[in-house]
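# Observations on chain architecture
Each chain, letter by letter, is given below.
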Amino acid sequence: MHAYRTHNCGELKKNDVGSEVRLSGWVHRVRDHGGLLFIDLRDHYGITQCVIEPENTNFATAETVRSEWVIRIDGKVDARSDDTINTTMPTGDVEVRISSLDVLSPARELPLPVFGEPEYPEDTRLTYRFLDLRRETIHGNIIKRAEIISSIRKRMTDAGFFEFQTPILTASSPEGARDFLVPSRMHPGKFYALPQAPQQFKQLVMVSGFDRYFQIAPCFRDEDARADRSPGEFYQLDVEMSFVEQDDVFNAVEPVLRGLFEEFGGSKPVTQKFPLIPFWQSMRLYGTDKPDLRNPIEMSDVSGYFRDSGFKIFAGLLDKHQCGRDWFENAEVWAIPAKSGGSRAFCDRMNSWAQGEGQPGLGYIFFRDGEGAGPIAKNLGEVPTAKLRNELGLEDGDAVFFVAGVPNDFAEFAGRARTKAGEDLELLDKDKFEFCWIVDFPMFEWDEENKKVEFSHNPFSMPQGGLEALETKDPLEILAWQYDIVCNGVELSSGAIRNHLPEIMVKAFDIAGYDKSVLEDKFGGMLRALQYGAPPHGGIAPGIDRIVMLLCGTENIREVTMFPMNQQAEDLLMGAPGEVSSEQLKELHIRLNLPKT
RNA sequence: GGGGGUGUAGCUCAGUUGGUUAGAGCGCUGGCCUGUCACGCCAGAGGCCGCGGGUUCGAGUCCCGUCACUCCCGCCA
């Protein structure tokens, strides 16, 4: 007989009745009736009830076992009588009548119970992560994560992609996030950096002729944490393809994500064909570049109703800002229609919420008895109000909120108002995955702080219109072949068709105020690679952690990460970061210069 | 770097207007219990009320500071 088990704790069923078995596992729960004692024995696969009686020579030992001790039992599988069958557990038809019991590893009093999963402080959970990970929910999340990653690998390799590893110790890159640095022993005063993403490597893989690359890539960024963002490290499904246009990337990636969400999404419906929404349209309809399309509210420009109208506040605003750039710098009035929000109580609640957000307020009209109510409706007049209601498709019992000013300043707030109205009125169908592509991001944006034009995303993206656009158009009007995938309001990934032509890159950097020498200095390797026959290429990098979070239905990344750091970027289990010996520092030619405390 | 929230038993939390000896449930320890599966019943241990200062006759409670955790902003090409 095997030293520890003939079966696992999740597999004994009715047809095993009568067989002699050996099980090992953790004591999940003990129920001691004095003359009869039940032990729920747990392992990765499940829980099996074991029972022992006082006549048994091991009964005294059995009475000493406590939660989370590791024990081994031998015994015979018994059918439970009809009145003792537990239909809530897979092994509930049977129990094991213990013939002998051995303690393999006792446990001290628990700082963190496994059974029942009561809420526990995060630092305790992280300090005793090995106990925390035994808990059913997070144990399941971690397994699901493993299955998701395994499925991704299969889907990608089936689609003809090769998984390559790229270096972990690499060079610091000048753009983007703060790097994690690793001192070089052999080169005093020099440092490696951990990759923020394998961006340049994957492009080099394309230049090297490998055609289709993917990697479950670890990425390192030394930035502050959020609930959905680990400090330090995270994983991307990094993808790059040669000889492709935007549509080719979409056609490669979309089925992978759709299939993945259908496989692991608990049969919630998944968008079959991801709609393409241009960035500016997304800003105008939803006030954000990561819209939650489960929210049916779409905003619209209703400036026409207010220009020279009786509602002087808006009319005045519209007059005031007129001759800026056509899309975002001229004043407009946006409507946020809110189906079923037509009560004074709800409208007032939205209004005071807006004031809490630092806004002057949130104007509204609500519709009842066939007419609009509220101060704006009064000032606007009956006929325009009715026309407005028709245009927005609203009825009695509905409301519409208004945001006025320069869209560039209020769009983000309008988006949050849209989100709040949708959620408070429960207009969202939470039981689905709504995907979209956000496309046509601007290539450059105005950096108000430094009063200059900056790259708005990745400096390696190809501008739409190529060199000609860079040379002839207003930089702020140039779009890039740059795209995001958004699911349920979560930005899952960002990607682009890359710029594979050195002269375009030189010009793009020039517009952003970087001299050619900066480009050569910081991206010399990349620039050189593009000068020896580079294929047009592009890719994308969906965030693995966020995909798993969506599929596990959790808001917190630490619920889908085995050994996460806390918000202060500390690993409480391993004690990282930690001090090192003076010998180690000496070898690395490092002398500490610590802040005074 | 900035802002919000939280901090009372191992844990989750209650604690009135500032007023005697700070409570409950879970867990833990001991006892009883032959069909439980959140087993039940009885008893017990367990508290620098995060820490420091202040106001007050008196502070878990009010004020100031500080620390820890967490959420957000900045940041995240």
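For the structure, see preceding data.
Residues numbered from 1 in each chain as written. Chains lettered and ligands numbered in written order. Predicted model: local features only at pLDDT ≥ 70, side-chain atom pairs only at ≥ 80, totals over all residues. Heavy atoms only, no water.

## Some details on the layout of surface pockets
Taken as a whole, the second largest pocket holds about 600 Å³ of empty space. Residue assignment for the lining of the second largest pocket shows that the elements contributing at least two residues are strand S1 (20-32), strand S2 (37-43), strand S3 (46-52) and helix H4 (136-158). When residues of the lining of the second largest pocket are assigned to their parent elements, the largest contribution, 4 residues, is made by H4. Classifying every residue of the lining of the second largest pocket by side-chain character gives 10 nonpolar, 9 polar and 6 charged. (1 Å grid on protein atoms, 1.4 Å probe; cavity = no way out; pocket = protein on both sides within 12 Å on 5 of 7 lines; lining within 4 Å. Points joined across faces, edges and corners; volume = space filled by probe spheres on them. Helix = DSSP H or I, 4+ residues; strand = E, 2+ residues; numbered from the N terminus. Nonpolar A, V, L, I, M, F, W, Y, C, P; charged D, E, K, R; others polar.)

## As for the pattern of salt bridges
Scanning the model with the defined rule gives 37 salt bridges in all. For Arg31, the salt bridge goes to Asp40, with nearest N and O atoms at 2.9 Å. Its relative accessible area of 9% is what places Asp40 among the buried residues. (Salt bridge = Lys/Arg side-chain N within 4 Å of Asp/Glu carboxyl O. Buried < 20%, exposed > 50% of the residue type's maximum accessible area, 1.4 Å probe, protein only.)

## A look at the environment of Ala331
By secondary structure assignment, the location of Ala331 is in the loop between helix H9 (312-320) and strand S13 (332-338). Since its relative accessible area comes to 5%, Ala331 is described here as buried. Measuring from C-alpha to C-alpha, the distance between Ala331 and Val103 comes to 75 Å, with 228 residues separating the pair along the chain.

## So, the protein's contact with RNA strand B
Taken together, the neighbourhood of RNA strand B is formed by 40 residues, with Arg29, Asp32, Thr84, Glu95 and His457 sitting nearest. Considering the 4 Å shell around the protein, atoms of RNA strand B inside it are sugar or phosphate in 52% of instances. One nitrogen or oxygen atom from the main chain of Gly34 is found 3.2 Å from a base nitrogen belonging to RNA strand B. At 2.8 Å from a base oxygen of RNA strand B is found a side-chain nitrogen or oxygen belonging to Gln49. If you tally residues by element for the surface near RNA strand B, the top one is S1, at 3 residues. (Near = heavy atom within 4 Å. Polar contact = N/O pair within 3.5 Å; in protein donor to acceptor, adjacent residues only side chain to side chain.)

## Points about the pairing of strand S5 (residues 94-105)
Relative to S5, S3 runs parallel, the two being bridged by 2 bridges. In the sheet register, Cys50 faces S5, and the bridge partner there is Val96. When strand S4 (residues 70-79) meets S5, the two strands line up antiparallel, connected through 10 bridges. Each bridged residue has a counterpart across the sheet, and for Arg72 the counterpart in S5 is Asp102. (Pairing = 2+ DSSP bridges.)

## Re the sheet that holds strand S11 (residues 276-278)
The strand order across the open sheet formed by 8 strands is S6-S9-S10-S22-S21-S20-S17-S11, and the pairing between neighbours is mixed. Whereas interior strands pair on both sides, the edge strands pair on one side only; in this sheet they are strand S6 (162-163) and S11. As paired strands, strand S17 (residues 435-439) and strand S20 (residues 482-487) are joined by 4 bridges and run antiparallel to one another. Residue Cys436 lies in a different strand from S20, and its bridge partner there is Val486.

## Overview of helix H6 (residues 246-264)
Taking 1.5 Å per residue, 19 residues should reach 27 Å; H6 reaches 27 Å between its end C-alpha atoms and fits that length. One or two residues past the end of H6 sits Gly266, with phi positive at roughly 60°. (Expected span 1.5 Å × (residues − 1).)

## Focus: empty space enclosed by the protein
Enumeration over the complete set of coordinates arrives at 1 cavity of 30 Å³ or more. Along its surface, the largest cavity is lined by Leu126, Arg129, Phe563, Pro564, Asp571 and Leu573. For the lining of the largest cavity, the residue count by class is 4 nonpolar, no polar and 2 charged.

## Observations concerning the sheet that holds strand S15 (residues 371-373)
Reading across the sheet, the 5 strands line up as S12-S13-S16-S14-S15 and stay open at both edges, with antiparallel pairing between neighbours. The open sheet terminates on both sides in strands that have one partner only, identified here as strand S12 (300-301) and S15. Pairing analysis gives 2 bridges linking S12 to S13, with the strands arranged antiparallel. By the bridge assignment, Ser300 is partnered in S13 with Ala335.

## Re the environment of Pro384
Position of Pro384 relative to the elements: it lies in helix H12 (residues 382-392). With 78 residues separating them in the primary sequence, Pro384 and Phe306 have C-alpha atoms 9.1 Å apart.

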